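Take a look at the letters that make up each chain.
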Amino acid sequence: MPSLAVENYLKAALLIGLRTDSEWISTGDLASALEVSPGTVTSMLKSLSESRPKLAVYRPYEGVCLTPAGRRHAMRMLRRHRLIELFLVRTLNLTWDQVHEEAEHMEHAVSDFLVDRIDDYLDHPACDPHGDPIPSAEGKLRAKENPGIPLSECPVAADFQFVRVTNQDPEFLRFLTDHGIGLGAAGTVREHVREAGIVTAEFGQQRVTLGLAAAADLLVDLVDSSSDRSPE
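The structure contained in this document is the topic of the report that follows.

Rules behind the numbers
- Residues numbered from 1 in each chain as written.
- Predicted model: local features only at pLDDT ≥ 70, side-chain atom pairs only at ≥ 80, totals over all residues.
- Heavy atoms only, no water.
- Pairing = 2+ DSSP bridges.
- Helix = DSSP H or I, 4+ residues; strand = E, 2+ residues; numbered from the N terminus.
- Axes fitted to C-alpha atoms, helices over the stretch in contact; angles between N-to-C directions.
- Parallel < 35°, antiparallel > 145°, perpendicular 65-115°, else oblique.
- Left-handed = near helix turned anticlockwise from the far one by under 90°.
- Contact = heavy atoms within 4.5 Å.
- Nonpolar A, V, L, I, M, F, W, Y, C, P; charged D, E, K, R; others polar.
- Core = buried A, V, L, I, M, F, W, Y, C linked by side-chain atoms within 4.5 Å.
- Buried < 20%, exposed > 50% of the residue type's maximum accessible area, 1.4 Å probe, protein only.

### A word on the pairing of strand S6 (residues 198-203)
Relative to S6, strand S5 (residues 186-193) is paired through five bridges, and the arrangement is antiparallel. Considered in S6, the bridge of Val189 is made with Ala201. What sits between S5 and S6 in their antiparallel hairpin is a turn of four residues, with Gly197 showing a positive phi close to 70°. Hairpin connection from S6 to strand S7 (residues 206-211): two residues lie between these consecutive antiparallel strands, with Gly204 at a positive phi of about 65°.

### A closer look at the packing of helix H4 (residues 68-92) against helix H6 (residues 112-121)
Their axes nearest at 10 Å, the elements H4 and H6 cross at an angle of 50°. Looking at the two axes, H4 sits oblique to H6. For the crossing formed where H4 meets H6, the hand is left-handed. The residues of H6 that touch H4, namely those facing Arg76, Arg79, Arg80, Leu83, Phe87 and Thr91, are Asp112, Val115, Asp116, Ile118, Asp119 and Tyr121. Taken together, the residues of the contact of H4 with H6 break down into five nonpolar, one polar and six charged.

### Details of the nonpolar core
Counting residues in each nonpolar core, the largest one holds 24 residues, and the members touching the most others are Leu10, Leu14, Leu30, Leu45, Leu48 and Leu66. Those elements that place two or more of their residues in this core are helix H1 (4-20), helix H2 (27-34), helix H3 (38-50), strand S1 (56-59), strand S2 (63-66) and H4. No other element matches the eight residues that H1 contributes to this core. Among all residues touching Leu48, those that are not within four sequence positions of it are Val6, Tyr9, Leu10, Lys54, Leu55 and Ala56. Membership of the second largest hydrophobic core comes to 22 residues, among which are Trp96, Ile181, Leu210 and Ala215.

Below, the structure is given as structure tokens:
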């Protein structure tokens, strides 16, 4: 079985590829995601390309591409992680800012049998507590990888529903919670000032102003409210 470090590299490469819709992942992107030096990444990528079964193809100056075997294992780890996160939220009432680190530890220890039972218990959910799609046992994502659009791209007066958060730093998630912003929350863009780099949105009775970078981390579905308007 691959080591914990190998599993982390495979999952990180998969996540970057899904986010960027790219087959080849640069050494720099992996180093940044894993918070290690480029030299450390290069050594691991060479090992992955020489493993049996071969888990990745490495090319200097181009990066790494997961093989079918590598992608299957990465999807397996991603499935474990996201199902564990949701299980912890639904059964132990952990908050969405608490579950990531716990799942990082647990995903390497649980068996596929237990993960499948968790999946059955949760009734085969499409997304985890952050709106991230959960892979099936066959390695197919049950929801769109990139649903909706970033809040930072929404025009003024647009109505929306919050469907996914891509920045899962605990402090950022707690900030959202403190301002009443959770998955499924409905809102309206009230101000969008690119020159100042801010977006102001209204969630219920609360207005929240975010920098463009933070607003880009909130993926939303635009809602057509025209059907709710009374005819003139």
